[in-house]
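Coordinate inspection notes
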Amino acid sequence: MTAVETRLATLEAKDEIRELTARYCHAVVDGDADTIVTLFCEDGVFRSHTFAPEGKQALREFYAAGVGAKTHKPFVQNHVIEFDDETHASGRCSVEIRVLQDGEAYTQAGHYHDKYRKVDGAWRFAERHYVRYHNVPWREGWQK
Amino acid sequence: MTAVETRLATLEAKDEIRELTARYCHAVVDGDADTIVTLFCEDGVFRSHTFAPEGKQALREFYAAGVGAKTHKPFVQNHVIEFDDETHASGRCSVEIRVLQDGEAYTQAGHYHDKYRKVDGAWRFAERHYVRYHNVPWREGWQK
Amino acid sequence: MTAVETRLATLEAKDEIRELTARYCHAVVDGDADTIVTLFCEDGVFRSHTFAPEGKQALREFYAAGVGAKTHKPFVQNHVIEFDDETHASGRCSVEIRVLQDGEAYTQAGHYHDKYRKVDGAWRFAERHYVRYHNVPWREGWQK
């Protein structure tokens, strides 16, 4: 590749990765676990304070149970992306999530530490690590 | 165009379209209906659950009535854009809106299904279809 | 530079400036005043309705006092950037901030009018002017 092509490829990769995180949000809103799973690598993992489903089958079960009721509304912002090489990158992005829990409106906030890998020509999540600041009833607010 | 120029033009178009949705938000906050209308095509339409003003005159009346009091604060995220050809594209982006209704603080959330068209060298809204998840008093939260 | 290189450089600059505002948010969340200060020019200034620390020493004191308790969670969106020349740009972006004040959850919303300058090969804040819409207890909502 020429220098120009390399620079262009970097911008295209960043654009694709930002849309990857956006597609994830839309699929969560739509309650579409199958689509979410296609956004991960075969050996992808989602880590949170309590869960760490790994691999497509575990991810599908995790997301089918989690988003099936279609009450999660995630909003992603503040995305920074850095490349290790042409097929590996990492990123950090912030998230606010509106969700019903036992019929009550909750708000979450946190950020994702992501690892991305390019597989079969498409960038996917190798890992999402969700660092949660709080998960509280909307009416009450948070205390940390 | 060379292959490089075509790839560059695609990235420039996506950047311009993302800024189009941002300019829309800023104009809403500023209560500037005239600027909002310039962001639409001549035959542009805004569809929601209750309204569908179409064409610049109807849009100007709709937005002048809606944003004149300057209480809407929209925040757009999660933007995915796809091109049909060099002058037509569609997108989906999420939105949270803070707004006063009868003096009380409300929160809305939803997403836009957008159609964009390039006219006279600039990308504009051919259609915005607002899918609203909820519109509720801030103090109370939502139930779906 | 060729025309292609100039267009590419513009997109790269916009990407870098958007990440600059994201890095700012992450450093605020992390309570990392030292990193925040590196994002400003030597003579950088942060203007709000009550404060206007100017220069790196004043900024360091301002941010160390402000973010040290790690209760600020800013979320930036709606970013529009315009260039004056190759090393000067301005932008407007919206922000929502979750923050604890005297142990109570508050929400802020507003926007930044930014001036960016490229110094030693990196885009930095020459000025951030924070226009605040409201700063209210989360449970109560806002009235303007």
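Notes on the structure follow.

Definitions and limits used
- Residues numbered from 1 in each chain as written.
- Chains lettered and ligands numbered in written order.
- Predicted model: local features only at pLDDT ≥ 70, side-chain atom pairs only at ≥ 80, totals over all residues.
- Heavy atoms only, no water.
- Contact = heavy atoms within 4.5 Å.
- Buried area = accessible area lost by both parts, 1.4 Å probe.
- Salt bridge = Lys/Arg side-chain N within 4 Å of Asp/Glu carboxyl O.
- Helix = DSSP H or I, 4+ residues; strand = E, 2+ residues; numbered from the N terminus.
- Nonpolar A, V, L, I, M, F, W, Y, C, P; charged D, E, K, R; others polar.
- Polar contact = N/O pair within 3.5 Å; in protein donor to acceptor, adjacent residues only side chain to side chain.
- Buried < 20%, exposed > 50% of the residue type's maximum accessible area, 1.4 Å probe, protein only.

Quick notes on the interface of chain B and chain C
Across the boundary between the two partners, chain B contributes 27 residues, which contact 29 residues of chain C. Both faces combined, the contact of chain B with chain C buries some 2,500 Å², and carbon together with sulfur accounts for 56% of it. Considering only the side of chain B, the residues that lose the most area to chain C are His26, Arg98 and Trp138 of chain B, jointly responsible for 26% of the buried surface there. On the surface where chain B and chain C come into contact, there are eight salt bridges. One salt bridge in this structure joins aspartate 15 of chain B and arginine 18 of chain C, with 2.9 Å as the shortest N-O distance. For the side of chain B that touches chain C, the secondary-structure elements that each account for two or more residues are helix H1 (3-29), strand S2 (73-85), strand S3 (88-101) and strand S4 (104-119) of chain B. Per element, the largest residue contribution to the side of chain B that touches chain C is 13 residues, and it comes from H1 of chain B. The residue inventory of the side of chain B that touches chain C, partitioned by class, reads 15 nonpolar, two polar and ten charged.

A word on the interface of chain B and chain A
If you look at the interface, chain B gives 29 residues, while chain A gives 27 residues. For the pairing of chain B and chain A, the buried interface totals around 2,500 Å² over both sides, and the portion due to carbon and sulfur atoms is 56%. Taken as a group, Arg7, Asn78 and Trp142 of chain B account for 28% of the area that chain B buries against chain A, more than any other trio of residues on that side. Between the two partners, chain B and chain A, sit eight salt bridges. Here glutamate 19 of chain A ties to lysine 14 of chain B by a salt bridge, and the two come within 3.0 Å at their closest N and O atoms. Applying the counting criterion to the chain B and chain A interface returns 17 residue pairs in polar contact (both at pLDDT 80 or more).

Topic: the side chain of threonine 107 of chain C
Tracing the chain through its elements places threonine 107 of chain C in strand S4 (residues 104-119). A residue is classified by how much of its surface remains accessible, and threonine 107 of chain C, at 1% relative accessible area, is buried. At a separation of 2.7 Å, a polar atom in the side chain of threonine 107 of chain C contacts the side chain of arginine 98 of chain B.

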